[in-house]
Amino acid sequence: MDKKLVYFLCTGNSCRSQIADGFLKSLGSDKYEVNSAGLEAHGLNPRAVATMKEAGIDISNHTSNVIDPEILNRADYVITLCGHADEHCPVISNKNVVKWHWGFEDPAKATGTEEEITAKFSEVRDSIKDRIELFVKEGK
């Protein structure tokens with residue numbers, strides 16, 4: 001079976017797209033080839049790494065990448081995780097691509113105590129996990 005290519009896009013490929021990438025690789029690697037990228041590469045957010053470790057998934061070896069037109073144009077699914085990436089996504093020449101926008105709050109913008117910031121990361125992580133589980137189960 002050919003694996004479908006899923007390309008998660010965000011502004012900086014540091015947080016939400018990395019979390020989605022980690023969950024889909026963990027939960028759906030038998031069905032999907034997974035990549036993630038950003039309009040820019042902001043580096044891997046250490047809190048994203050920590051919150052995924054709590055969920056039992058190691059993304060510490062992930063890299064923060066800029067959108068690769070070759071991957072973009074062979075993707076079966078292009079999924080944006082923030083409004084900025086959705087609005088500024090490059091033109092996709094592949095007419096068969098399924099493009100979705102799954103908007104999630106940016107946990108990197110959370111303010112407050114360390115506990116409050118950590119709680120926001122966990123909340124967004126769990127929301128992304130729920131969405132990935134639905135995608136793996138139902139393909140939508």
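Quick caveat, the model's predicted, so the values are computed rather than measured. (Residues numbered from 1 in each chain as written. Predicted model: local features only at pLDDT ≥ 70, side-chain atom pairs only at ≥ 80, totals over all residues. Heavy atoms only, no water.)

A. Expanded view of the packing of helix H1 (residues 16-28) against helix H2 (residues 46-54). Across the interface, H1 lies against H2 with an axial gap of 10 Å and an inter-helix angle of 30 degrees. Between H1 and H2, the interaxial angle falls into the category roughly parallel. With respect to the hand of their crossing, H1 and H2 are arranged in right-handed fashion. Contact residues: Ile 19, Gly 22 and Phe 23 in H1; Ala 48, Thr 51 and Met 52 in H2. Among the residues making up the contact of H1 with H2, the classes are represented as four nonpolar, two polar and no charged. (Axes fitted to C-alpha atoms, helices over the stretch in contact; angles between N-to-C directions. Helix = DSSP H or I, 4+ residues; strand = E, 2+ residues; numbered from the N terminus. Parallel < 35°, antiparallel > 145°, perpendicular 65-115°, else oblique. Left-handed = near helix turned anticlockwise from the far one by under 90°. Contact = heavy atoms within 4.5 Å. Nonpolar A, V, L, I, M, F, W, Y, C, P; charged D, E, K, R; others polar.)

B. Spatial organisation of the sheet that holds strand S2 (residues 32-38). Strands sit in the order S2-S1-S3-S4 across an open sheet of four strands; the sheet is parallel. With one partner strand each, in any of the chains shown, S2 and strand S4 (98-101) form the two edges of the open sheet. Direction aside, neighbouring strands of the sheet carry axes that sit 20 degrees apart on average. One ladder, built from seven bridges, connects strand S1 (residues 4-10) with S2; its direction is parallel. (Pairing = 2+ DSSP bridges.)

C. Representation of the environment of Gly 38 in the model. Structurally, the position occupied by Gly 38 is in strand S2. Given a relative accessible area of 0%, Gly 38 falls into the buried group. C-alpha separation for the pair Gly 38 and Ala 50, spaced twelve residues apart in sequence, amounts to 20 Å. (Buried < 20%, exposed > 50% of the residue type's maximum accessible area, 1.4 Å probe, protein only.)

D. Broad picture of the packing of H2 against helix H5 (residues 114-138). In the contact formed by H2 and H5, the axes pass within 10 Å of each other and the chain directions differ by 65 degrees. Where H2 crosses over H5, the handedness of that crossing is right-handed. Facing H2, whose interface residues are Arg 47, Ala 48, Thr 51, Met 52 and Glu 54, H5 presents Glu 114, Ile 117, Thr 118, Phe 121, Ser 122 and Arg 125. Class assignment of the residues belonging to the contact of H2 with H5 gives a composition of four nonpolar, three polar and four charged.

E. The arrangement of the pattern of salt bridges in detail. A full pass over the atoms with the stated rule returns eleven salt bridges. The closest approach of N and O atoms between Arg 74 and Glu 33, which form a salt bridge, is 3.3 Å. Here Glu 33 lies in strand S2 and Arg 74 lies in helix H3 (residues 69-74), a separation of 41 residues in the sequence. For Glu 33, a relative accessible area of 30% puts it in the partly exposed group. (Salt bridge = Lys/Arg side-chain N within 4 Å of Asp/Glu carboxyl O.)

F. Region of the structure containing the state of the cysteines. All told, the structure shown has zero disulfides when counted by the stated rule. Just so you know, Cys 10 is unpaired, no disulfide at all, and the nearest cysteine sulfur is the one on Cys 82, 3.7 Å from it. On the basis of relative accessible area, Cys 10 is assigned to the buried category, the value being 4%. Counting only cysteine sulfurs, Cys 10 is the nearest neighbor of Cys 15, a cysteine outside any disulfide, at a range of 7.9 Å. (Disulfide = S-S within 2.5 Å.)

G. View of H1. If you check H1, its first and last C-alpha atoms are 17 Å apart, about what 13 residues at 1.5 Å a residue would give, namely 18 Å. Within H1, ten of the 13 residues are buried, which leaves it mostly tucked inside the rest of the structure. The secondary structure elements touched by the buried residues of H1 are S1, S2, H2 and H5. (Expected span 1.5 Å × (residues − 1).)

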